[in-house]
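Residues per chain, in single letters:
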Amino acid sequence: MATQFPDDFKCPISLEIMSDPVILSSGHTFDRVSIQRWLDAGHRTCPITKLPLPDHPSLIPNHALRSLISNYTLVSLPKLEQQPHPEPQALISTLTSPSSLLDWKLDSLDQLTRLSKRDSVFRSKLTESGAVSAVLKCVGSDDPGLQEKALSLLLNLSLDDDNKVGLVAEGAIGRIVGALQGGSPNCRALAATMLTSLAVVEVNKATIGAYPYAIRALVSLLRDGKGREKKEAATALYAICSFPDNRRRAVQCGAVPILMRIADSGIERAVEVLGLLAKCKEGREEMERFNGCVKILVRLLKNGSSRGIQYALLTLNWLCCFSEEMCIEAGKGGILEICMELLDDDNEKVRRNASNLIQVLSGNRSLR
């Protein structure tokens, strides 16, 4: 069954379709179970590059790839083999021709999206045929249907790391930010997912962050969007803010109070972003100013998922490490007692973060 999926969806270790893809510090993506088993066996090199890894390698969720895998529709291979692929150039010409009807363009985008989902060779042929500029023009369309289908095709093209830098070079960020600001709800969610995908490549994180209104548009989507839009915006911010300069930009755009509120409403992806923003002085200062910050993080410690607890602890570590006032407030909130209980948690990162916070609250102010 796995052979019906693109190779990009398969874990390089197990060769099975990934259910929880994560990115290693080497930049390569693996299924969490497989790479964790590799690390648990004592290996501290990347299985692909053989380059050394840190003593405690971080595994960053590849949300964009996971979303693509979960939304992927299996296509019958025997049926496709009986039907030759249409030439990309013919379909691209339909998109660029002034005489093409809207329905023709929608149909061309549908075909290109379907074919590019499962075929990396076809994706390469598409980019080499000059499809990107034509698709980007459709992303800038006033028609929401055309814009949505064009964004879906761009997302497929961004599956390949080689394309991620190329898409940015061709002006994809400007069109994506435009969709974030003025598209339909589905288009805004897709545009946020697209930024997450592009940000897998380190150099793109800096480019996206420096682009006028990119981070501001994501923060606005966090504030004004519905459930899926908020989640995709938070995921994109998490990917982009792993680049240090972007943390300050997100704080300046007013991300902290919005993230606090939506974290309290149950969207745990928000606390993951807070964990990154707490690494910068501006982020910590905004969190200290937010009324009820510690109470929200305590609620996450008591009721959150394992990952939510991990990032709530990380955020508290940064806050308490640099602020005596936050240490006092954390003590009043019963965080020390909660941390003592979390020392027996199954998640190694939760145990480590809890231990660090106990040390900070007990007087050792150095974050480990």
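Everything here concerns the structure above.
All residue numbers refer to positions counted from 1 along the written sequence of the respective chain. Confidence filtering applies because this is a predicted model: local features only for residues at pLDDT of at least 70, side-chain atom pairs given and counted only at 80 or more, and all residues used for totals across whole chains, interfaces and linings. Note that the side-chain values use all heavy atoms of the structure and ignore hydrogens as well as water.

Another aspect to go through is helix α12 (residues 202-210). Each residue is assigned to one of three classes by its accessible area relative to the maximum for its type, calculated with a 1.4 Å probe on protein chains only: buried under 20%, partly exposed between the two thresholds, exposed over 50%. Runs of E in the DSSP output that reach at least two residues are strands. Runs of H or I that reach at least four are helices, and both are numbered from the N terminus. Of all the residues in α12, the buried ones are Asn-204, Lys-205, Ile-208 and Gly-209. Buried positions in α12, seen along its axis, are confined to an arc of 130 degrees and lie on one side of it. Check the buried side of α12 and you find it contacts α9 (161-169), α10 (172-182), α11 (185-198), α13 (214-224), α14 (227-240) and α15 (244-252). Directions are taken from the helix axis to each C-beta atom, and the arc is the one they span. Residues are treated as being in contact if the distance between any of their heavy atoms lies within 4.5 Å.

A separate point is the sheet that holds strand β1 (residues 21-23). Spatial strand order, β2-β1-β3: three strands in an open sheet with antiparallel pairing. Of all the strands in the sheet, the pair left with one neighbour each is β2 (29-31) and β3 (60-61). Pairing between strands is defined by DSSP: at least two bridges between the two strands are required. As judged from the three bridges shared by β1 and β2, these two strands associate in the antiparallel manner. By the bridge assignment, Val-22 is partnered in β2 with Phe-30. Most of the contacts of helix α1 (residues 32-40) go to β2, to which it runs at about 95 degrees, and overall it touches β1, β2 and β3. Lines fitted to C-alpha atoms define the axes here, with helix axes fitted over just the stretch in contact, and angles between the N-to-C directions of these axes take values from 0 to 180 degrees.

Turning next to the environment of Leu-126. Structurally, Leu-126 is set in helix α6 (residues 120-128). By relative accessible area, which is 0% here, Leu-126 ends up buried. Through-space distance from the C-alpha of Leu-126 to that of Ala-64 is 21 Å; in sequence the pair is 62 residues apart. Sequence-distant contacts of Leu-126, that is, excluding residues within four places in its chain, are made with Pro-88, Ile-92, Leu-112, Ser-116, Ala-131, Leu-153 and Leu-157.

Turning to the nonpolar core, a few remarks are in order. Throughout, nonpolar core names a set of buried Ala, Val, Leu, Ile, Met, Phe, Trp, Tyr and Cys residues whose side chains join them through atoms within 4.5 Å. Grouped together as the largest cluster of nonpolar side chains are 120 residues, with contacts concentrated most on Leu-218, Leu-259, Leu-277, Met-287, Leu-301, Leu-313 and Ile-335. Sort the elements by how many residues they give to this core and helix α20 (residues 306-322) lands first, with nine residues.

For the rest of this paragraph, the subject is unusual backbone geometry. In this structure, Leu-15 is a non-glycine residue whose phi angle is positive, near 65 degrees. As for its position among the elements, Leu-15 is in the segment before β1. The phi angle at Lys-50 is positive, at roughly 65 degrees, despite the residue not being glycine. Mapped onto the secondary structure, Lys-50 falls in the loop between α1 and β3. Residue Lys-50 is classed as exposed on the basis of its relative accessible area, which comes to 53%.

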